[in-house]
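What follows is the residue order along each chain.
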Amino acid sequence: MSALTASGFYPFTIAALILVGLVVFEIVAVVVGLSFSSLLGHGISHGDGHLDHGPLDAWMSWLNKGGVPLLVLIMIALASFAIAGFAIQGVAQAVIAPLPTLVGGLCAVAAALPITRTLSRWTARILPADETTAI
C-alpha cells in the first residue's frame, strides 16, 4: 500500500482514483436512472463519415473514438495509463530505483496509447451499435 503513495507513483495513483470515481459515479447514475456517459457523449460527433478537422481528431480517430462512447474511451485510457505506470515503476524499483515522475509518466503514456487503441477496438466489438426503427 505504501507503493501507491510513493512519489514516483503519484500520477498513476491519481489516474486510478479518477477511474474509480468515474465508475462509482456511473453506477450511482445508472441506479438513479441517468447515464453520465450519455450526457457526456451527447452532441459529440462520432465520426459518421465526417473528415477529421485537426491533429486531435486524427489521434482520437486512431484511438477508435467513433467505436466506443467517449466515457468508455476515457476509462480505458485511465486504466491503461495507471496499469502501465505501476508496471514500469514497479520494474524500475525492483531493478534500481523508481524513475523520476516525469520520465515514468512519459513512458506510461507511450505504453498506454497502443493498449488503449487495442482495448477500445475489442470493446467496440462487444458494445451494441446504435440502432433505430425510425424511417
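Participant: Account for the overall build of the chain, naming residues and giving values.
Facilitator: Check the secondary structure of the chain and you find five helices and zero strands. In the chain, the succession of α and β elements from N to C terminus is α-α-α-α-α. When the 135 residues of the chain are sorted by exposure, 24% land in the buried category. Taking contacts inside the chain between residues at least 6 apart in sequence as the whole, the part at least 24 apart equals 73%. Of the roughly 9,000 Å² of accessible surface on the chain, 73% is carried by carbon and sulfur atoms.

Participant: Any chance you could break down the packing of aromatic side chains for me, citing the residues and the numbers?
Facilitator: Aromatic ring pairs are defined here through the distance separating the ring centres and the angle between the ring planes. Scanning the model with the defined rule gives three aromatic pairs in all. Judged by centre distance (5.1 Å) and plane angle (50°), the rings of F12 and F81 are tilted. Of the two residues, F12 is situated in helix α1 (residues 10-32) and F81 in helix α4 (residues 70-95); the sequence distance between them amounts to 69 residues. F81 carries the same exposure label as F12, and that label is buried. Centre to centre, the rings of F12 and F86 are 6.1 Å apart; their planes meet at 65°, and the pair counts as edge-to-face.

Procedures and definitions
- Residues numbered from 1 in each chain as written.
- Predicted model: local features only at pLDDT ≥ 70, side-chain atom pairs only at ≥ 80, totals over all residues.
- Heavy atoms only, no water.
- Helix = DSSP H or I, 4+ residues; strand = E, 2+ residues; numbered from the N terminus.
- Buried < 20%, exposed > 50% of the residue type's maximum accessible area, 1.4 Å probe, protein only.
- Contact = heavy atoms within 4.5 Å.
- Areas by Shrake-Rupley, 256 points an atom, 1.4 Å probe, with all protein chains shown as cover.
- Phe/Tyr/Trp six-rings, centres within 6.5 Å; stacked < 30°, edge-to-face > 60°.

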